[in-house]
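Spelled out from the first residue to the last, the chains are:
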Amino acid sequence: MKKMICVEDLSYEYKGQDEMIRALDHISFTIEPGKFVAILGHNGSGKSTLAKLLNGLLLPTDGHVIIDGMDTQDLEKIWEIRSTAGMVFQNPDNQLVATIVEEDIAFGPENLGVPQAEIQERVDRALATVEMSAFRDRAPHLLSGGQKQRIAIAGVLAMEPACIIFDEPTAMLDPSGRREVLDTILKLNREEKKTILLITHYMDEAILADRVLVMEKGKIVMDDVPKKIFNQVERMKGLGLDIPQVTDLTHQLIEAGYPLSEDILSIEEMVDELCQYL
Ligand code: ADP
Ligand code: MG
């Protein structure tokens, strides 16, 4: 099957004070179009470095990154790669460039040389997708955190990427902002069929993915569906990672002798499981 992302034996080193810092160490994986993949790993494991390599902001020290058939080391393809694999960062304030929402969203396609009439269509469509059409004339800095992040997402959408890489997009948001952004990400995957890579430290976000990659010291140490990642409770804790609250409770109940399934990830699944014993 055609791959959206192909990472082949990828390594990346930063120049440190007096030595090189190996941030990624011989990583390989592929992602098919339309998938929703979450990436977990504690601080310094290499997640942001990987994200920056995926859209050509950094180039490999060793190995290859191929986005929709294009090698990021092919300098002629760099703009096409950046518009195929869009990036959304943690802090929306660093991504918003204009003083009016619709100008901000138009910025990307303008730089790509898209004709004016089409830019307008793209801006309208992107605003509708993130449900912010009513805010088109507003000043981005007056919006809530969740709204600002949705405008940043619209700015990426206006470049019509097939794939969007989110680097901890909800880390600076309050719970309602997190919900808005997460709902937007799910909609992009399910309705717009975008390939999604979501770097997060929220387990309740990771359980929604088709697949979870876990990073540790520049390597991918786990790669599986969420249920098979989170039922390895001791291993996850050993990697310094949380597991969803419900999974933790399930595990404690199993240890206490209750015959529950190990695969419970959500409150709904927990309720279904417990109802069998009523
Ligand atoms: P994560 O996003 O998982 O927290 P990063 O990709 O930011 O991890 O960092 C991976 C490793 O690379 C860490 O050891 C970090 O200190 C190092 N690193 C990241 N950015 C730089 C940089 N600009 N210069 C030197 N070292 C860096
Ligand atoms: Mg990071």
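Everything discussed here concerns the structure shown above.
Here is what the cut-offs are and how they apply
- Residues numbered from 1 in each chain as written.
- Chains lettered and ligands numbered in written order.
- Predicted model: local features only at pLDDT ≥ 70, side-chain atom pairs only at ≥ 80, totals over all residues.
- Heavy atoms only, no water.
- Pairing = 2+ DSSP bridges.
- Helix = DSSP H or I, 4+ residues; strand = E, 2+ residues; numbered from the N terminus.
- Axes fitted to C-alpha atoms, helices over the stretch in contact; angles between N-to-C directions.
- Contact = heavy atoms within 4.5 Å.
- Near = heavy atom within 4 Å.
- Polar contact = N/O pair within 3.5 Å; in protein donor to acceptor, adjacent residues only side chain to side chain.
- Areas by Shrake-Rupley, 256 points an atom, 1.4 Å probe, with all protein chains shown as cover.
- Buried < 20%, exposed > 50% of the residue type's maximum accessible area, 1.4 Å probe, protein only.
- Core = buried A, V, L, I, M, F, W, Y, C linked by side-chain atoms within 4.5 Å.
- Salt bridge = Lys/Arg side-chain N within 4 Å of Asp/Glu carboxyl O.

A. Up close: the sheet that holds strand β9 (residues 211-216). Taken in spatial order, the 6 strands line up as β6-β7-β8-β3-β9-β10 in an open sheet, and their pairing is mixed. Of all strands in the sheet, those bounded by a partner on one side alone are β6 (85-88) and β10 (219-224). The sheet shows a mean angle of 20° between the axes of neighbouring strands, taken without regard to direction. As paired elements, β9 and β10 share 5 bridges and run antiparallel to each other. Among the inter-strand pairings, Glu216 is bridged to a residue of β10, identified as Lys219. Across the sheet, helix α1 (residues 47-54) is in contact with β3 (36-40), β6, β7 (163-167), β8 (195-199) and β9; its angle to β8 comes to roughly 155°. Docked against the sheet, helix α5 (residues 145-157) engages β6 and β7, running at close to 165° with respect to β6.

B. How the structure looks around the site of ligand 1. Residues in close proximity to ligand 1 include Tyr14, Ile21, Ala23, His42, Asn43, Gly44, Ser45, Gly46, Lys47, Ser48 and Thr49, which together make up its full environment. Measuring from an oxygen atom of ligand 1, one finds a backbone N or O atom of Gly44 at 2.7 Å. Backbone polar atom of Ser48 to an oxygen atom of ligand 1: 2.9 Å apart, as the coordinates give it. Starting from 560 Å² of accessible surface for ligand 1 in isolation, the protein chains cover 61%. The element best represented in the shell around ligand 1 is α1, accounting for 3 residues.

C. Region of the structure containing unusual backbone geometry. In this model, Glu131 sits at a positive phi of 55°, which is unusual for a non-glycine residue. Topologically, Glu131 is positioned in the loop between α4 (116-129) and α5. At Glu168, a residue that is not glycine, the phi angle is positive and equals roughly 50°. If you trace the backbone, Glu168 turns up in the loop between β7 and α6 (175-190). According to the relative accessible area criterion, Glu168 is buried, its value standing at 13%.

D. Representation of the nonpolar core within the structure. Core analysis: the biggest nonpolar cluster contains 49 residues, and Leu40, Ile105, Phe166, Val214, Phe230 and Met236 have the highest contact counts within it. By residue number, the principal contributor to this core is α5, which donates 6 residues. Those residues in contact with Phe230 that lie beyond four places of it in its chain are Leu40, Met203, Ala206, Ile207, Met236, Asp242, Ile243, Pro244, Thr247 and Leu265. The next biggest cluster of nonpolar side chains, apart from the first, holds 28 residues, and it includes Met4, Ile27, Ala51 and Ile165.

E. Main features of the pattern of salt bridges. Per the stated rule, a full pass over the model turns up 21 salt bridges. The partner of Arg122 in a salt bridge is Glu160, and the shortest N-O contact between them spans 3.4 Å. Of this pair, Arg122 sits in helix α4 while Glu160 sits in the loop between α5 and β7; the two residues are 38 residues apart in sequence, bridging distant segments of the chain. Given a relative accessible area of 38%, Glu160 falls into the partly exposed group.

F. Summary view of the sheet that holds strand β5 (residues 70-71). Taken together, 4 strands build an open sheet; the order of strands is β2-β1-β4-β5 and the sheet is antiparallel. What marks the edges here is a single partner per strand, and that holds for β2 (20-31) and β5. In terms of strand pairing, strand β1 (residues 5-15) meets β2 through 8 bridges, oriented antiparallel. Bridge pairing in β2 places Tyr12 opposite Leu24. On the sheet, α1 packs against β1, β2 and β4 (62-67) and is oriented at approximately 120° with respect to β1.

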